[in-house]
Each structure stands twice: as structure tokens, then as C-alpha cells.
Amino acid sequence: MVNTQRHRDPKGWTEYERRFFVTDPSVIEGQSFVNVTQAYLYAREGWAVRVRRVFHYDEQGNVSLNENTLGLKGPRQSGQRKEIEWPIEGEWAWQIFSSAQSKVFKRRYQIVAGKAGTCDLDVFFFDNEGLMIAEFESEHGTPDLIAPEWCGREIVNDPRFDNENLAMRPYMSWPKEE
């Protein structure tokens, strides 16, 4: 099962991350996943307020667990970003999600990547179709990370690939030269 639980410190936490394009989609074959939907209520200058809904599935394909959170994220600086999340009721999450304008839909896999550790690999849908991003997170930074061979260009410092920006300006709407 994909683990989506994060350390919930009432003061938030800092996520240190490295993000890469995924160049070999076969890396997800046979892997378990969760579906993640995120609605952005505010996104500006690196700040974001979102509602996240995560759907887990049992062996028969039925929804077995549904997680709903309200999250705040601060601007990224040198691969670091402050974040805090709170659980919220499912009905609240649905109402907020359904009324929001900017959304992201993705399937999340957790992939063991050898010496690089475990990463979240997101496969995006709808207006961000075709985009696959691997995200390596750590509590202490990832400067020595050697990305697996199925990773391409690093995109952690390109704000266009932040989920809130993909929700407002989807990947499929970009001119080909971007």
C-alpha cells in the first residue's frame, strides 16, 4: 500500500525535495498506487492553500480508505518548502473540492529506487496528461542524491511544475517549446 501519511507537527514541517521528469514509464508496471486529487483555493508567489483527497484501493479495486486534508505550503527556497496539513471531514473536502476552479488529478506510486531511496512518482491526468514526475523527499535534504536512470531533467527549481501552478496553467496548454 502506498503511504501518504506525513508527520503532522502542529507547527508544520520543512520538506526537502528533488524532483525529476520520469523518462521511462515502465518503472510503474505492477506497482500499487493511490489516486490523488488536489484543489487549490489560493496560489500566489509560492504560497498555496489546497484540499487534497487521497483514495486507496483494496485487492478488488474498491475504495478502502479515503484521506482528506487541508494544507498550506510556503515558497520553495533551495529545494526546501514549509508545509502543514490538517485532516478534514470528507463532506467538507468534497464541497471545497467541487467548488474550486484549479485542480490536479494524479495517480501516485511509491517506487524503491535503489540507493536513491523511495520516491513518490506522480502520473498526471486530464489537462496534465503525459507528465510523470518523481519526487525524492527527506527531512534533512537530498544534496547527494544520484537519480535513477529512469529520471530525466531535474525540475525542482522550475515553478511551472509545482502542483498549484499545474492546476492553474496545465502542462498540455504550454507551447511546445516550453
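Residues numbered from 1 in each chain as written. Predicted model: local features only at pLDDT ≥ 70, side-chain atom pairs only at ≥ 80, totals over all residues. Heavy atoms only, no water.

S.K.: What am I meant to see in the overall build of the chain here?
M.R.: Across its full length, the chain carries two helices and nine strands. Counting from the amino terminus, helix and strand elements in the chain follow one another as β-β-β-β-β-α-β-β-β-β-α. Its C-alpha atoms give the chain a radius of gyration of 16 Å, within 12% of the compact-globule value 16 Å for 178 residues. Summarising its shape, the C-alpha atoms of the chain cover approximately 40 × 40 × 35 Å along the three principal directions. A total of 178 residues make up the chain; the buried ones form 47% of that total. Across the chain, the fraction of contacts at a sequence separation of at least 24, relative to all contacts at a separation of at least 6, is 59%. Within the structure as shown, the chain displays about 10,000 Å² of accessible surface, and the carbon and sulfur contribution to it stands at 51%. Treating the 22 positive side-chain charges of the chain as one cloud and the 28 negative ones as another, the clouds have centres 4 Å apart. (Helix = DSSP H or I, 4+ residues; strand = E, 2+ residues; numbered from the N terminus. Rg over C-alpha atoms; globule rule 2.2 N^0.38 Å. Buried < 20%, exposed > 50% of the residue type's maximum accessible area, 1.4 Å probe, protein only. Contact = heavy atoms within 4.5 Å. Areas by Shrake-Rupley, 256 points an atom, 1.4 Å probe, with all protein chains shown as cover. Lys, Arg positive; Asp, Glu negative; His and termini not counted. Charge placed at Lys NZ, Arg CZ, Asp CG, Glu CD.)

S.K.: So what exactly am I meant to see when it comes to the environment of Leu166 here?
M.R.: Topologically, Leu166 is positioned in helix α2 (residues 163–168). Leu166 gets classed as buried once you look at its relative accessible area, which sits at 0%. Through-space distance from the C-alpha of Leu166 to that of Phe124 is 9.8 Å; in sequence the pair is 42 residues apart. With residues up to four places along the chain from it excluded, the contact list for Leu166 reads Val104, Phe124, Asn128, Leu131, Arg160, Phe161, Tyr171 and Trp174.

S.K.: Can you help me understand the environment of Lys115 in this one?
M.R.: Looking at the element boundaries, Lys115 is found in the loop between β6 (102–112) and β7 (118–124). Along the sequence, Lys115 and Thr23 sit 92 residues apart, while their C-alpha atoms lie 19 Å from each other.

S.K.: Is there a simple way to think about the packing of aromatic side chains in this case?
M.R.: Two aromatic rings are characterised by how far apart their centres lie and by the angle between their planes. For the structure on display, the rule yields ten aromatic pairs. Taken together, a centroid distance of 5.0 Å and an interplanar angle of 90° make the contact between Phe21 and Phe161 edge-to-face. Pair noted here: Phe21 is in strand β1 (residues 13–22) and Phe161 is in the loop between β9 (151–154) and α2, with a separation of 140 residues, a long-range link. For Phe21, a relative accessible area of 15% puts it in the buried group. Under the relative-accessibility criterion, Phe161 is labelled buried at 0%. The interplanar angle of 55° and the centroid separation of 5.7 Å between the aromatic rings of Phe33 and Tyr109 together place this pair among those described as tilted. Here Phe33 is found in strand β2 (residues 33–44), whereas its partner Tyr109 is found in strand β6, with 76 residues between them in sequence. Ring pairs connect the aromatic residues Phe21, Phe161, Tyr171 and Trp174, which therefore count as one cluster. Directly above the ring of Phe97 sits Lys103, whose terminal nitrogen or CZ lies 4.6 Å from the centroid. (Phe/Tyr/Trp six-rings, centres within 6.5 Å; stacked < 30°, edge-to-face > 60°. Lys NZ or Arg CZ within 6 Å of the ring centre and 35° of its normal.)

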